[in-house]
Amino acid sequence: MDKIAVLIPCYNESKTIEKVVKDFRKVLPEAVIYVYDNNSNDGTDEIARKAGAIVRYEYQQGKGNVIRRMFREIDAEAYIMVDGDDTYPAEHSREMVDKVLERNVDMVIGDRLSSTYYEENKRPFHNFGNSLVQKSINTLFKADIKDIMTGYRAFSYMFVKSFPVLSNGFEIETEMTIHAIDKRMYMENVIIDYRDRPEGSESKLNTYSDGIKVLFTIARLFRMYKPFSFFALLAAVLTILSAIFFIPVFVDYLNTGLVEKFPTLIVCGFVIVAAIISLFSGLILSSIVQKNKQDFEMELKRINHDYKAGKE
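Residues numbered from 1 in each chain as written. Predicted model: local features only at pLDDT ≥ 70, side-chain atom pairs only at ≥ 80, totals over all residues. Heavy atoms only, no water.

**Student:** Explain the overall build of the protein chain to me, please; I cannot follow it from the model alone.
**Tutor:** Scanning the protein chain from N- to C-terminus turns up 11 helices and 7 strands. Expressed as a percentage of the 312 residues in the protein chain, the buried residues total 47%. Partitioning the intrachain contacts of the protein chain with sequence separation of at least 6 by distance along the chain shows that 76% fall at a separation of at least 24. Averaging the coordinates of the 40 positive side-chain charges in the protein chain and doing the same for the 43 negative ones gives two points 3 Å apart. (Helix = DSSP H or I, 4+ residues; strand = E, 2+ residues; numbered from the N terminus. Buried < 20%, exposed > 50% of the residue type's maximum accessible area, 1.4 Å probe, protein only. Contact = heavy atoms within 4.5 Å. Lys, Arg positive; Asp, Glu negative; His and termini not counted. Charge placed at Lys NZ, Arg CZ, Asp CG, Glu CD.)

Here it is as structure tokens:
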């Protein structure tokens, strides 16, 4: 088991990967640096290998797939995950790792948004998207996370081995954060500097399509982790819709004693039934989620046993 593992997912980062590897070797000389190449065609893997990294490969495209492979294969007491685009300074990694090793923090979030991100980032819609995602998650999950989409994080062994990777692409950061919130993992923020990509280095993140995927991921995970809130909200919407269409029918009935819009009355009845079904579905699923949380706590005990055995 490694003491510290630096995990760098890469896709066509030949212009920056050498500097990233060397910077982290300088700040964390005791760390093992792993570069996982995700079908690069610009020689990223060879450059990383010459710089001193251990290079491995993931052939399924997408950052989520790369992280799934990393988390399966690497055993370490503490992990640093960072992008290979040289936007995150290595100087912050020592503080982040120390929080994991000395304070038993499960996930340390490299907070760009409280620092230089809005000045350095040249893509205005990214700024809006980061703020929207941050506020959505903090509202829906009653949290206070400063930076949801950051690619600079430190993890404990417990987090890495208990995190089920479901996303394929850039939604993975959102998924990590919500998982940690829901499972009451110990999280801390470290304010980090952020610098925009150097000239000639292109972002793989599509502002619009990946942004939409992230929002759908938030909705999906809200339904999974908080089913009662999700289905109760759906039941409330259905009830309101039913009431809006029912009121004119009821008013006509009071005035004339007749139901002139009988089909509308039938639809209202079906919508109310759907609302009741939705509410009880939320109740049932919330019980299942509670049982899953109990099972997860038992799984953490098993992982902790494996961790101690690996250190001996």
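**Student:** Which parts of the structure should I look at to understand the side chain of Arg 68?
**Tutor:** By the element assignment, Arg 68 lies in helix α3 (residues 63-73). Despite its burial, Arg 68 pairs with no opposite charge; the closest candidate is Glu 58, at 6.4 Å N-O. At 3.4 Å, the side chain of Arg 68 forms a polar contact with the backbone oxygen of Val 165. Among residues more than four places away in sequence, those in contact with Arg 68 are Val 165, Leu 166, Ser 167 and Asn 168. (Salt bridge = Lys/Arg side-chain N within 4 Å of Asp/Glu carboxyl O. Polar contact = N/O pair within 3.5 Å; in protein donor to acceptor, adjacent residues only side chain to side chain.)

**Student:** Teacher, can you tell me more about the nonpolar core here?
**Tutor:** As a rule of thumb, soluble globular proteins bury nonpolar side chains together. Grouped together as the largest cluster of nonpolar side chains are 42 residues, with contacts concentrated most on Leu 7, Phe 71, Tyr 79, Ile 137, Phe 155, Phe 159 and Met 176. Sequence-distant contacts of Met 176, defined by excluding residues within four places in its chain, comprise Ile 67, Phe 71, Met 81, Met 107, Arg 153, Phe 155, Phe 159 and Phe 163. Core analysis: the next-biggest nonpolar cluster, separate from the first, contains 32 residues, Cys 10, Val 21, Leu 28 and Val 190 among them. (Core = buried A, V, L, I, M, F, W, Y, C linked by side-chain atoms within 4.5 Å.)

**Student:** Is there a simple way to explain helix α10 (residues 227-256) in this structure?
**Tutor:** Each α-helix turn comprises 3.6 residues. Residues three or four places apart therefore point the same way. Taking 1.5 Å per residue, 30 residues should reach 44 Å; α10 reaches 43 Å between its end C-alpha atoms and fits that length. Of the positions making up α10, those classed as buried are Pro 227, Phe 231, Ala 235, Leu 238, Ser 242 and Val 249. Downstream of α10 by one or two residues, Gly 257 has phi in the positive range, about 80 degrees. (Expected span 1.5 Å × (residues − 1).)

**Student:** Where do I start with the environment of Ile 172 in this structure?
**Tutor:** You can see Ile 172 is positioned in helix α8 (residues 172-182). Placed 107 residues apart in sequence, Ile 172 and Asn 65 show a C-alpha to C-alpha distance of 9.2 Å. Sequence-distant contacts of Ile 172, defined by excluding residues within four places in its chain, comprise Lys 63, Gly 64, Ile 67, Phe 163, Val 165 and Ser 167.

**Student:** Looking at this structure, I do not really get the packing of α3 against α8. What am I missing?
**Tutor:** To characterise two packed helices, one gives the angle between the axes of the helices and the distance between these axes. At a closest axis distance of 9 Å, the pairing of α3 and α8 adopts a crossing angle of 55 degrees. In this view, α3 runs oblique relative to α8, as classed from their interaxial angle. Along its contact with α3, which presents Lys 63, Gly 64, Ile 67 and Phe 71, the element α8 presents Ile 172, Glu 173 and Met 176. Split by residue class, the contact of α3 with α8 holds 4 nonpolar, 1 polar and 2 charged. (Axes fitted to C-alpha atoms, helices over the stretch in contact; angles between N-to-C directions. Parallel < 35°, antiparallel > 145°, perpendicular 65-115°, else oblique. Nonpolar A, V, L, I, M, F, W, Y, C, P; charged D, E, K, R; others polar.)

**Student:** I keep staring at unusual backbone geometry and nothing clicks. Help me out?
**Tutor:** Its identity is not glycine, yet Asn 39 carries a phi of approximately 70 degrees, on the positive side. As for its placement among the helices and strands, Asn 39 is situated in the loop between β2 (32-37) and α2 (44-51). A positive phi angle, close to 60 degrees, is found at Asn 104, a residue other than glycine. One can find Asn 104 in the loop between α4 (93-103) and β5 (107-111).

**Student:** Whenever I open this one, the pairing of strand β1 (residues 2-10) confuses me. Can you help?
**Tutor:** The two faces of a sheet get side chains in turn, since along a regular strand they alternate between them. Taken across its 9 residues, β1 has 8 buried, putting it largely inside the fold. In terms of strand pairing, β1 meets strand β4 (residues 76-81) through 5 bridges, oriented parallel. By the bridge assignment for β4, Leu 7 is matched with Met 81. In terms of strand pairing, β1 meets β2 through 6 bridges, oriented parallel. Considered in β2, the bridge of Ile 8 is made with Val 35. At this point the chain moves from β1, through helix α1 (residues 17-27), to the parallel β2, and the crossover so formed is right-handed. (Pairing = 2+ DSSP bridges. Right-handed = clockwise from strand over helix to strand, strands pointing away.)

**Student:** Teacher, can you tell me more about the packing of aromatic side chains here?
**Tutor:** Two aromatic rings are characterised by how far apart their centres lie and by the angle between their planes. A full pass over the atoms with the stated rule returns 13 aromatic pairs. For the pair Phe 71 and Phe 155, a centre-to-centre distance of 5.6 Å together with 75 degrees between the ring planes defines the contact as edge-to-face. With Phe 71 in helix α3 and Phe 155 in strand β6 (residues 153-156), this residue pair connects regions lying 84 residues apart in the sequence. Like Phe 71, the residue Phe 155 is buried in the burial classification. Relative to Phe 231, the ring of Phe 230 has its centre 5.1 Å away and its plane inclined at 80 degrees; by these criteria the two rings are edge-to-face. One aromatic cluster in this structure is built from Phe 24, Tyr 88, Tyr 152 and Tyr 194. Just above the ring of Tyr 194 sits the side chain of Arg 112; from NZ or CZ to the centre is 5.9 Å. The residue whose ring lies beneath Lys 183 is Phe 296, and the NZ or CZ to ring-centre distance is 5.4 Å. (Phe/Tyr/Trp six-rings, centres within 6.5 Å; stacked < 30°, edge-to-face > 60°. Lys NZ or Arg CZ within 6 Å of the ring centre and 35° of its normal.)

**Student:** Any chance you could explain α1 here in plain terms?
**Tutor:** Restricting attention to buried positions, one finds in α1 the residues Ile 17, Val 20, Val 21, Phe 24 and Val 27. One side of α1 carries all its buried residues, which in axial view fall inside an arc of 135 degrees. Where α1 is buried, its residues touch β1, β2, α2, β4 and α4. (Arc of directions from axis to C-beta.)

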